[in-house]
Amino acid sequence: MVGLVGALLLGVAGVSDNYLHRGVETSAQGPFVVQPVGDGFATNEDLLGLPPDVRPEVIQQMAGYGVRYVRMPVSWATSEPEPGSFSWDVLDETLAQLEGAGIVPVVTVVDTPEWARGPETATALDTPPGDPTDMYGFVDALMRQFGDRLPFLQIWDAPNDPSYWGGQSPDPVAYATLLGESANAARQAAPGVQIVLAELRPTPASGPSDLTFLRALYRASAAPFFDVVAIVADGGDRSPYDRQVDEDRTNVSRAIIAREVMLEEGDAQTPIWATHFGWAAGPSGVTDAEQAEYTVAALGRMRSEWPWMGLAFLWSFSPEGSNPGRALTQDGQPTTTLVALGEQQAATGDIAATGYAPLGAPAVSLTGDWSVVGSAPDFQSSPEIGAALTVRFDGSGLIANVFLGPNAGLVRVQLDGGPVPGLAVEPDSDGTASLLNLAFSPAYEAAIPIVTGLAPGPHTVTMELIEPGTFTVGALVVTRDLPTLWPIVVLAAAGAVLMFFAVRELLFVLAQRRGYLRRRREIDINPAGRL
């Protein structure tokens, strides 16, 4: 009985631990997921479909509320109505307006012109082209026209849904071919472009689920042709605190399964974006107050627990159309959610979350004379005394990638304006900082834990060169310890103790039965028969 109770307690502890920690990554060990952008308020909006006189106003509203990324469709059918005849005016004007507002576009190529459709889907606008090389030509022309003005290119939308695949049965191999042709064209025309995998519908009315289709794409050797995986993170009617993970369950935690699929396929480094994210408010959804609370809480959970999750795009910004989770009301006023997101962005926009933080992240600042290291472009170097790196982060630890070498200098390190506890260096003379000597022979790159074991909350680390030499530093990694949940610890400890005593008693009984131990006997209080 004791053993059964112990096993039950251990089982409950294991299930609870899996429920609370599944999908959570600390970033303490690599490989690291390198996000192509930092955190930022992102949304969907069909800007090219808006009336010309409305578009600038919507873009300015986006900028005013802190939107930094917008995902927008670009119709191949509209842009190339005849082979080799391109219409770029509206897109060019829209990109100029976005640049003026400081908003980065994520362009999704959709639709097929009539001349490029196959005979079996000649009347379907959303069919893939009959010949994938036709799309190669369009993507090549698009990227040669706009170059680095289009840093992100998404190839198609929902290819696992027949209604977005010309009514045909979804074919992962056919989409992988289309993706490969398009990615090759884009990368050749604009080498810095990041290719985003098509967003996959979680459970289309017919056709495979997003997770089934994603597995099939990996097995169709599509991985070399995308830099970001796109998923839908629909909260449904469940809160972001719902940690139950199931393929048939609609909640934000379902995103964890996409990450697990990628890990199963050996892809630990590709980031995931939620290209549609949020909760629908209204009679069939949550209340306006719940929508705002859930959206902000979910983004906070992604920042702290999921370094593999990058941008999360609201369903839509303007009230046009029927998409849930929009940011503006029908009369153009901000929803409660939009106000809450603006406040969150203002509070956390320059604070690095758990995971990889490149030197170009908003949370990282360099002062002094710095230059890119030619042999390692992710690193920058400075020989100037007083040159400094400052990073604001929210985590329990910080790792710095630095170059150690005979010409490296002495670096003064401060945490929140004081010395760094636990850093294996000497405190400086006035006790207000710690000194980190980077001089070492032979030279090599090292990942140095600057600080660990911090309490939650924003922290600031400053590293400053204070003696002649060079200070060469690369990306930073913000780590976060898994929270210690005492109920689980107590359950596991109690279960282990009970199991120990149960096993001990079992071994004792077996030893007695096999004759290894003498059985207990009653004591004879009158051995000689005397009274």
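My aim in this report is to walk through the structure given alongside it, one point at a time. In this numbering scheme, every chain counts its residues from 1 along its sequence in written order. Selection of residues for local features in this predicted model requires a pLDDT of at least 70, selection of side-chain atom pairs for listing and counting requires 80 or more, and totals for whole chains, interfaces and linings are taken over all residues. Note that the side-chain values use all heavy atoms of the structure and ignore hydrogens as well as water.

## Thoughts on the overall build of the protein chain
Part 1: Where helices and strands are cited, they refer to DSSP runs of H or I of at least four residues and of E of at least two residues respectively, numbered from the N terminus. Scanning the protein chain for helices and strands turns up eleven helices and 20 strands.
Part 2: Across the 531 residues in the protein chain, those meeting the buried criterion constitute 49%.
Part 3: Residue contacts follow a heavy-atom distance rule, with two residues in contact if any of their heavy atoms lie within 4.5 Å. A sequence separation of at least 24 residues applies to 75% of the contacts in the protein chain between residues at least 6 apart.
Part 4: With an accessible surface of roughly 24,600 Å², the protein chain has 55% of that area assigned to carbon and sulfur atoms. Note on classification: 1.4 Å probe, protein chains only; a residue is buried when its accessible area is under 20% of the maximum for its type, exposed when over 50%, partly exposed between these limits. Under the convention used here, a 1.4 Å probe and the Shrake-Rupley method define accessible areas, while residue burial counts only the protein chains that appear.

## Description of the side chain of Q414
Part 1: Along the polypeptide, Q414 turns up in strand β15 (residues 410-415).
Part 2: Residue Q414 is classed as buried on the basis of its relative accessible area, which comes to 19%.
Part 3: Two N or O atoms form a polar contact when they lie within 3.5 Å of each other; inside protein one atom must be a possible hydrogen donor and the other a possible acceptor, and for residues adjacent in sequence the pair counts only when both atoms belong to side chains. In terms of polar contacts, Q414 uses its side chain to reach the backbone carbonyl oxygen of G417, at 3.3 Å.

## Thoughts on helix α7 (residues 210-219)
Part 1: In terms of burial, α7 is a largely internal element, seven of the ten residues being buried.
Part 2: Elements that come into contact with the buried residues of α7 comprise α6 (172-189), β6 (229-234) and α8 (255-264).
Part 3: Following α7 by one or two positions, S221 adopts a phi angle in the positive range, close to 60 degrees.

## Examining the sheet that holds strand β1 (residues 41-44)
Part 1: Here we have eight strands laid out as an open sheet, ordered β5-β4-β3-β2-β1-β8-β7-β6, and parallel in their pairing. The two strands at the open ends of the sheet, each matched to only one other strand, are β5 (194-196) and β6. Averaged over all pairs of adjacent strands, the angle between strand axes in this sheet comes to 30 degrees, irrespective of strand direction.
Part 2: By this definition, two strands are paired if DSSP reports at least two bridges between them. Alignment of strand β2 (residues 67-75) against strand β3 (residues 104-110), held across seven bridges, turns out to be parallel. Its bridge partner lying in β3, S75 is registered against V110.
Part 3: Against the sheet, helix α5 (residues 132-146) contacts β3 and β4 (152-155), and its axis sits at roughly 165 degrees relative to β4. For every element, the axis is a line fit to its C-alpha atoms; helices are fit only across the contacting stretch, and the angle between N-to-C directions ranges from 0 to 180 degrees.

## A word on the packing of helix α2 (residues 55-64) against helix α4 (residues 89-101)
Part 1: Remark: α2 packs on α4, axes separated minimally by 9 Å, with the N-to-C direction vectors making an angle of 30 degrees. One finds that α2 runs roughly parallel with respect to α4. Judged by the sense of rotation from one axis to the other, the crossing of α2 with α4 is right-handed. Mapping the contact onto sequence places R55, P56, I59, Q60 and A63 in α2 and V90, E93, T94, Q97, L98 and A101 in α4.
Part 2: Partitioning the contact of α2 with α4 into residue classes produces six nonpolar, three polar and two charged. In these notes the angle categories are as follows: under 35 degrees is roughly parallel, over 145 is roughly antiparallel, 65 to 115 is roughly perpendicular, and the rest is oblique. Handedness of a crossing is defined here by the sense of rotation of the near helix relative to the far one, left-handed for an anticlockwise turn of less than a right angle and right-handed for a clockwise turn. Classification used: nonpolar for Ala, Val, Leu, Ile, Met, Phe, Trp, Tyr, Cys and Pro, charged for Asp, Glu, Lys and Arg, polar for all others including Gly.

## Quick look at the pattern of salt bridges
Part 1: Salt bridges are identified by distance alone: a Lys or Arg side-chain nitrogen within 4 Å of an Asp or Glu carboxyl oxygen. For the structure shown, the criterion picks out 20 salt bridges.
Part 2: Residue E199 pairs with R71 through a salt bridge whose shortest N-O separation is 3.9 Å. Of the two residues, E199 is situated in the loop between β5 and α7 and R71 in strand β2; the sequence distance between them amounts to 128 residues.
Part 3: Under the relative-accessibility criterion, R71 is labelled buried at 6%.
Part 4: Of the charged contacts, one joins D394 and R480 as a salt bridge, the two residues approaching to 3.6 Å between their closest N and O atoms. One end of the pair, D394, is in strand β13 (residues 388-394); the other, R480, is in the loop between β20 (471-479) and α11 (486-513), and 86 residues separate them in sequence.
Part 5: Each of R71, D157, E199 and R201 takes part in a single network of salt bridges with overlapping partners.

## So, empty space enclosed by the protein
Part 1: Grid spacing is 1 Å over the protein atoms alone, the probe is 1.4 Å, and a cavity is where that probe fits but cannot get out, while a pocket is an open set with protein on both sides within 12 Å along at least five of seven lines and lining residues have an atom within 4 Å of a point. Grid points are joined across faces, edges and corners, and a volume is the space filled by probe spheres set on the points. One pass over the structure, following the stated rule, counts two cavities of 30 Å³ or more.
Part 2: Its boundaries defined by the atoms lining it, the largest cavity holds a volume of some 580 Å³.
Part 3: Taken together, the elements giving at least two residues each to the lining of the largest cavity come down to β1, α9 (288-305), β8 (309-314), α10 (336-348) and β9 (355-357).
Part 4: For the lining of the largest cavity, the element with the most residues is β8, which contributes five residues.
Part 5: Of the residues assigned to the lining of the largest cavity, the class counts are 23 nonpolar, ten polar and two charged.

## With respect to the nonpolar core
Considering soluble globular proteins, one finds that nonpolar side chains tend to be buried as a cluster.
Part 1: Residues enter a nonpolar core if they are buried and are Ala, Val, Leu, Ile, Met, Phe, Trp, Tyr or Cys, with the set joined through side-chain atoms within 4.5 Å. In this structure, L142, M143, L153, Y175 and F277 are the most contacted members of the largest nonpolar core, which totals 85 residues.
Part 2: Counting residues in each nonpolar core, the second largest holds 34 residues, with A361, A446, L476 and V478 among its members.

## A short note on α2
Part 1: Buried within α2 are the following residues: R55, V58, I59, M62 and A63. Each buried residue of α2 sits inside an arc of 140 degrees when the element is viewed along its axis, so together they form one side. The outward face of α2, more than 90 degrees from its buried face, is lined by the exposed residues E57 and G64.
Part 2: At its buried positions, α2 is contacted by β1, β2 and α4.
Part 3: Residue G66 follows α2 closely and has a positive phi angle near 90 degrees. Think of the arc as the fan of directions from the helix axis to the C-beta atoms.

Read these as layout, nothing more, since geometry by itself doesn't imply function.
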